[in-house]
Amino acid sequence: MNIKYAGIDVSYYQGEIDFNAVKAGKLKDIPISFVMVRLTVGMQLDSRAIRNINAALEAGLDVGVYSYTTAMTPDEARAEAELALRTIKDNNFDGRLTLPVVFDIEENEVLGLGKRACTNISKAFMQTIEKANYQPMIYTYAAAYNNNLDKDELRDYPLWVAAYISERLLNNTFGITNYDIWQFGVAGNHDFDLQVIGSIPGVSGQCDCDYMYADLPAMIKAEGKNVFPSKNVTYTLTVNGIPSKATAEELLARAESEGYSGSVTEEKPSEPETPEKLEVGDMVRMEEGAPVYGTTEKFAGWVYSSVLYVRSISGSRVVVSTQKTGDITGAVNAKYLTKI
């Protein structure tokens, strides 16, 4: 896969970070452009999360957040997701985070629940994030992704996978080839700095390093996720049966208070189409697929491509044939005939 972007992920463990220095740094000649910040651990806020997010945003980095789960049930996972969303909103990060809200499932006690439970817990968190129109994502390490999660059920969610091995081994040995972010090592760690990054500018000590392959910020902005205004999607809501203009304006004001925009228009119902006036002897063509009058049966295929003659008319029922006299072809509703 072609690496597009380089980044790091951080938590309170890294202490004070100079994100301007991070932004000026590189991973193997690729400029560092993004950071994933740990937001929560279970139902607790990471003590440096808000400072890290604000500082990273001010430095001009693309920023996403992750929640390290301790959830043992789907309800607990939903509560963790709601905490993440509240924290984002309460700190005015709506429309500022350009990367996903990530579900980090790697705790041994959680993984020990088994594949079915881990999959349900993961889906509960991500569906809650998705319902709020934020972009969810799942993070775990390669072996857990293969053994503790149902990949088919999670395939619609972006994947951030940790594997401190070569990408060839990740692809061929683990069989994981479809991921959006790869956490490939720990800078400064004797055992896990396989690409010999050494250190990250602006960060003291060890730090996780990541490559991103998809342009997630562009996708999130274009699709109007994370409270960004959508650039390529417009929705039109038509409500029928509103008794007065005042009621319509009241409904619009309520929608606008929730961030939508619109207008009130008055439309009169259109008049039903009147079939073309036909007379006996007229030459006509029949609409493709028109049924035999009063049934759902179709005519023989050649009828629809033939010139027909009107033989008799009774209300909307018109009898036609391929000749002015002779055998009758059948009866059809007048709305399916066009005079020629």
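Source: prediction; values computed, not measured. (Residues numbered from 1 in each chain as written. Predicted model: local features only at pLDDT ≥ 70, side-chain atom pairs only at ≥ 80, totals over all residues. Heavy atoms only, no water.)

Colleague: I would appreciate a short explanation of the packing of helix α3 (residues 74-90) against helix α5 (residues 115-131) in the present structure.
Modeller: Relative orientation of the contacting elements α3 and α5 amounts to 30 degrees, with a least axis distance of 8 Å. The angle between α3 and α5 places the two elements in the roughly parallel class. Crossing angle aside, the handedness with which α3 passes α5 is right-handed. Facing α3, whose interface residues are Pro74, Ala77, Arg78, Glu80, Ala81, Glu82 and Leu85, α5 presents Asn120, Ile121, Ala124, Phe125, Thr128 and Ile129. Among the residues forming the contact of α3 with α5, the class breakdown is eight nonpolar, two polar and three charged. (Axes fitted to C-alpha atoms, helices over the stretch in contact; angles between N-to-C directions. Helix = DSSP H or I, 4+ residues; strand = E, 2+ residues; numbered from the N terminus. Parallel < 35°, antiparallel > 145°, perpendicular 65-115°, else oblique. Left-handed = near helix turned anticlockwise from the far one by under 90°. Contact = heavy atoms within 4.5 Å. Nonpolar A, V, L, I, M, F, W, Y, C, P; charged D, E, K, R; others polar.)

Colleague: Would you take a moment to explain the packing of aromatic side chains for this structure?
Modeller: The way to describe two aromatic rings as a pair is by their centre distance and the angle between their planes. Using the criterion set out here, one finds ten aromatic pairs in the structure. Ring plane angle 80 degrees and centroid distance 5.5 Å describe the contact between Tyr179 and Tyr213, whose orientation is recorded as edge-to-face. With Tyr179 in the loop between α8 (167-172) and β9 (181-187) and Tyr213 in the loop between β10 (207-212) and α9 (216-222), the pair connects residues that are 34 residues apart, well separated along the chain. The buried category is assigned to Tyr179, whose relative accessible area is 2%. The exposure class assigned to Tyr213 is buried, which follows from its relative accessible area of 6%. Between Phe184 and Tyr211 the ring centres are 4.2 Å apart and the planes differ by 20 degrees, which places this aromatic pair in the stacked class. Taken together, the residues Phe184 in strand β9 and Tyr211 in strand β10 connect sequence positions 27 residues apart. (Phe/Tyr/Trp six-rings, centres within 6.5 Å; stacked < 30°, edge-to-face > 60°. Buried < 20%, exposed > 50% of the residue type's maximum accessible area, 1.4 Å probe, protein only.)

Colleague: Explanation requested: the sheet that holds strand β12 (residues 308-314) in the structure shown.
Modeller: Note on sheets: strands pair through backbone hydrogen bonds, and any given pair is parallel or antiparallel. Read across the sheet, five strands follow the order β14-β13-β12-β11-β15 without closing on themselves; strand pairing throughout is antiparallel. On the outer flanks of this sheet lie β14 (330-333) and β15 (337-339), each paired with one strand and no other. Sheet twist, expressed as the mean angle between neighbouring strand axes with direction ignored, is 50 degrees. Summarising the sheet, β12 and strand β13 (residues 317-321) pair through five bridges and their orientation is antiparallel. Its bridge partner being in β13, Ile313 is matched across the sheet by Val318. (Pairing = 2+ DSSP bridges.)

Colleague: Would you take a moment to explain the environment of Gly7 for this structure?
Modeller: Examined against the element boundaries, Gly7 turns out to sit in strand β1 (residues 5-10). Gly7 sits 315 residues away from Thr322 along the chain, and the two C-alpha atoms are 74 Å apart. Beyond its immediate chain neighbours, meaning those up to four positions away, Gly7 contacts Leu27, Ile32, Phe34, Asp208, Cys209 and Asp210.

Such coordinate-based values are descriptive only and should not be taken to indicate function.
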